[in-house]
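One letter stands for each residue in the lines below.
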Amino acid sequence: MEVLLTGFEPFDGQRTNPSWDAAVAVRPTGYTLATLQLPCVFDESLRVLENALSTHRYDVVISVGQAGGRPNITPERVAVNLNDARIPDNAGNQPVDTPVVPHAPTAYFSTLPVKACTAALTAAGIPAAVSHTAGAFVCNHVFYGLMHLVATEHPHLRAGFVHVPFTPDQTQDAPSLPLSTTAQALDLIIRTTLETSQDLHTPTGTLH
Ligand code: PCA
């Protein structure tokens, strides 16, 4: 099985981005892994991703991004067709209230088994939770664009997005996870995806 993991370059004044550092630290077990760094730039990030998908046939694509302040590894369930940037991206773009893809559906669901992945992480002692929002910045933009590419051009592909916490060296006071734990989590998410055709039916919805 051919798997592509993408991570982002650093953004918002940070020197590192654990989404990329963890992606390249994954030691694949039982599958073939490619990694791709995406620029933290609206549209350009999707051009880079689209090019990778059109030049190689992958079975699974998982995009990963940093969610500073979150304590958990969070498989994302929903991508929305909305850009609403509170800060500029790395090229100075700050789209507000624009669609990721004009005239496309309002939202797409991940096709990863997000509940089975979260359960596998929890069983391994890694803090994890299903998330119902990837925000409205470049991560949601890439997640939505990825799922739109799956819907329109790569129907065989299983795809989704995972947000990961800061590493301890990035923060004094926010929650964080060691890079090795995040890399282990990504391998577990990939293996669970490859082993699971039907997601669990357990409740994970938040009340607010
Ligand atoms: N996190 C940002 C964009 C790049 C990243 O790693 C986000 O959550 O949108």
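Residues numbered from 1 in each chain as written. Predicted model: local features only at pLDDT ≥ 70, side-chain atom pairs only at ≥ 80, totals over all residues. Heavy atoms only, no water.

Before going further, it helps to examine the pattern of salt bridges. What the rule picks out here adds up to two salt bridges. As a salt-bridge pair, Arg70 and Glu76 come within 2.8 Å of each other at their nearest N and O atoms. For Glu76, a relative accessible area of 0% translates into the label buried. Arg191 is the salt-bridge partner of Asp187, the closest N and O atoms lying 3.1 Å from each other. With a gap of four residues between them, Asp187 and Arg191 both fall in helix H5 (residues 179-195), about one helical turn apart. Assessed through its relative accessible area of 9%, Asp187 is described here as buried. (Salt bridge = Lys/Arg side-chain N within 4 Å of Asp/Glu carboxyl O. Buried < 20%, exposed > 50% of the residue type's maximum accessible area, 1.4 Å probe, protein only. Helix = DSSP H or I, 4+ residues; strand = E, 2+ residues; numbered from the N terminus.)

Pairing between the strands of a sheet is mediated by backbone hydrogen bonds and can be parallel or antiparallel. Sheet architecture is open: five strands sit in the order S2-S1-S3-S9-S4, paired in mixed fashion. The open sheet is flanked by strand S2 (32-38) and strand S4 (74-75), the only strands paired with a single partner. As paired strands, S4 and strand S9 (residues 158-164) are joined by two bridges and run antiparallel to one another. Residue Pro75 lies in a different strand from S9, and its bridge partner there is Val162. Helix-sheet contacts for helix H1 (residues 18-25) involve strand S1 (2-8), S2, strand S3 (60-66) and S9, and the interaxial angle to S2 is about 160°. Each of S1, S2, S3 and S9 is contacted by H5, which is oriented at about 150° to S3, the strand it contacts most. (Pairing = 2+ DSSP bridges. Contact = heavy atoms within 4.5 Å. Axes fitted to C-alpha atoms, helices over the stretch in contact; angles between N-to-C directions.)

All right, on to the site of the ligand then. Taken together, the neighbourhood of the ligand is formed by Phe8, Phe11, Asn17, Cys40, Gly65, Gln66, Phe137, Val138, Cys139 and His163. Between Asn17 and the ligand, the recorded distance is 2.9 Å, taken from a side-chain N or O atom to an oxygen atom. Here Cys139 contributes a backbone N or O atom positioned 2.9 Å from an oxygen atom of the ligand. Across the complex, the protein chains shield 93% of the 260 Å² of accessible surface that the ligand would expose by itself. Among the secondary structure elements, those contributing two or more residues to the shell around the ligand are S3 and helix H4 (138-152). (Near = heavy atom within 4 Å. Polar contact = N/O pair within 3.5 Å; in protein donor to acceptor, adjacent residues only side chain to side chain. Areas by Shrake-Rupley, 256 points an atom, 1.4 Å probe, with all protein chains shown as cover.)

Between two packed helices, both the angle of their axes relative to each other and the distance between the axes serve to describe the pair. Axis separation between H1 and H5 bottoms out at 8 Å; the angle between their running directions is 65°. The pairing of H1 with H5 is recorded here as roughly perpendicular in orientation. Between H1 and H5 lies a crossing whose hand is right-handed. Side by side, H1 and H5 meet where Pro18, Asp21, Ala22, Ala23 and Ala25 of the first sit next to Leu179, Thr182, Ala183 and Leu186 of the second. Along the lines of polarity and charge, the residues of the contact of H1 with H5 split into seven nonpolar, one polar and one charged. (Parallel < 35°, antiparallel > 145°, perpendicular 65-115°, else oblique. Left-handed = near helix turned anticlockwise from the far one by under 90°. Nonpolar A, V, L, I, M, F, W, Y, C, P; charged D, E, K, R; others polar.)

Okay, the UniProt feature "active site" (unreviewed entry) in the chain next. UniProt feature "active site" (unreviewed entry): in the numbering of this structure it lies at Glu76 and Cys139. Separation in sequence by 64 residues is not matched in space for these annotated residues, since their most distant C-alpha atoms are only 10.3 Å apart. Relative to the helices and strands, Glu76 resides in the loop between S4 and strand S5 (78-80). Ignoring sequence-local partners within four residues, the contact set of Glu76 consists of Arg70, Ser110, Val114, Ser131, His132, Thr133, Ala134, Phe143, Phe161 and His163. Relative to the helices and strands, Cys139 resides in helix H4. Taking the relative accessible area as the measure of exposure, Cys139 reaches 11% and is therefore buried. Discounting chain neighbours no more than four positions away, the residues touching Cys139 are Phe8, Gly65, Ala134, Phe161 and His163. (UniProt positions renumbered as here; feature names shortened; annotations may be inferred.)

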